[in-house]
Amino acid sequence: MSTPEAGRAGTAIAPEDVDAVRPRLTFFKVMAFIVGIGLLVLVVEMVLSYGFQMKGQDNPLYWWPQPHGFIYMVYLVATALLGFKVGWPLGKMVLVMLAGCVPFLSFWVERRVAGEVEASLAAARR
């Protein structure tokens, strides 16, 4: 049964799931930060490529889009692992995943999600 605090924080986390949620939250936080930084690097790469016409190896970041795509896929996995464990609805999970596509938004969403999950973890410990 959820408490009023858990209701405000999001989905209630069962006490037996607390130990399983903590590493998933850490993985999500790390990946959200890495994807946020990677997205900013991608923006620089695109500005160099399209704004300054630095094509191919003339662009010092020409190699970055492919690794960034792989890193984003890992972020999707991190979001899904956390979301399924804490019981997010599919719509929320998709919105958190899409936050990794907008510069600076992944940082804000990571802080908000971490706060909600931390509050739910604290409520589950009581």
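Everything discussed here concerns the structure shown above.
All figures in this text were calculated on a predicted structure; none of them were measured in a lab. (Residues numbered from 1 in each chain as written. Predicted model: local features only at pLDDT ≥ 70, side-chain atom pairs only at ≥ 80, totals over all residues. Heavy atoms only, no water.)

**Focus: unusual backbone geometry**
Of note in this structure, Q53 is not a glycine but carries a positive phi near 55 degrees. Within the fold, Q53 resides in the loop between α2 (18-51) and α3 (65-86). (Helix = DSSP H or I, 4+ residues; strand = E, 2+ residues; numbered from the N terminus.)

**Quick word on a nonpolar patch on the surface**
The grouping of V30, F33, I34 and I37 at the surface amounts to a nonpolar patch, some 340 Å² of accessible area in total. The residue V30 is located in helix α2 in this model. (Patch = residues over 30% accessible without salt bridge, like charges linked within 9 Å, V, L, I, M, F, W, Y side chains within 5 Å. Areas by Shrake-Rupley, 256 points an atom, 1.4 Å probe, with all protein chains shown as cover. Salt bridge = Lys/Arg side-chain N within 4 Å of Asp/Glu carboxyl O.)

**Side note on the packing of α2 against helix α5 (residues 105-125)**
Two numbers describe how α2 lies on α5: the axes approach to 9 Å, and their chain directions differ by 170 degrees. Our classification of the angle between α2 and α5 gives roughly antiparallel. The residues of α5 that touch α2, namely those facing V18, V21, R22, L25, F28, K29, A32, F33, V35, G36, I37 and L40, are S106, F107, E110, V113, A114, V117, E118, L121, A124 and R125. (Axes fitted to C-alpha atoms, helices over the stretch in contact; angles between N-to-C directions. Parallel < 35°, antiparallel > 145°, perpendicular 65-115°, else oblique. Contact = heavy atoms within 4.5 Å.)

**What to know about helix α4 (residues 90-98)**
The set of residues buried in α4 consists of M93, V96 and M97. When α4 is viewed along its axis, its buried side chains cluster within an angular range of 100 degrees and face the same direction. The elements touched by buried residues of α4 are α2, α3 and α5. (Buried < 20%, exposed > 50% of the residue type's maximum accessible area, 1.4 Å probe, protein only. Arc of directions from axis to C-beta.)

**Overview of the pattern of salt bridges**
Tallied over the full model, the rule gives 5 salt bridges. The salt bridge involving K85 is made with D17; its shortest N-O contact spans 3.7 Å. Here K85, found in helix α3, pairs with D17, found in the loop between α1 (4-9) and α2; they are 68 residues apart in sequence, far enough to count as distant. When its relative accessible area of 26% is taken as the criterion, K85 is described as partly exposed. The exposure class assigned to D17 is partly exposed, which follows from its relative accessible area of 21%. With its nearest N and O atoms 3.6 Å apart, the salt bridge here joins R112 to E116. Here the residue R112 and the residue E116 both occupy positions in helix α5, the gap between them amounting to 4 residues, near one helical turn. Note on E116: relative accessible area 18%, which makes it buried.

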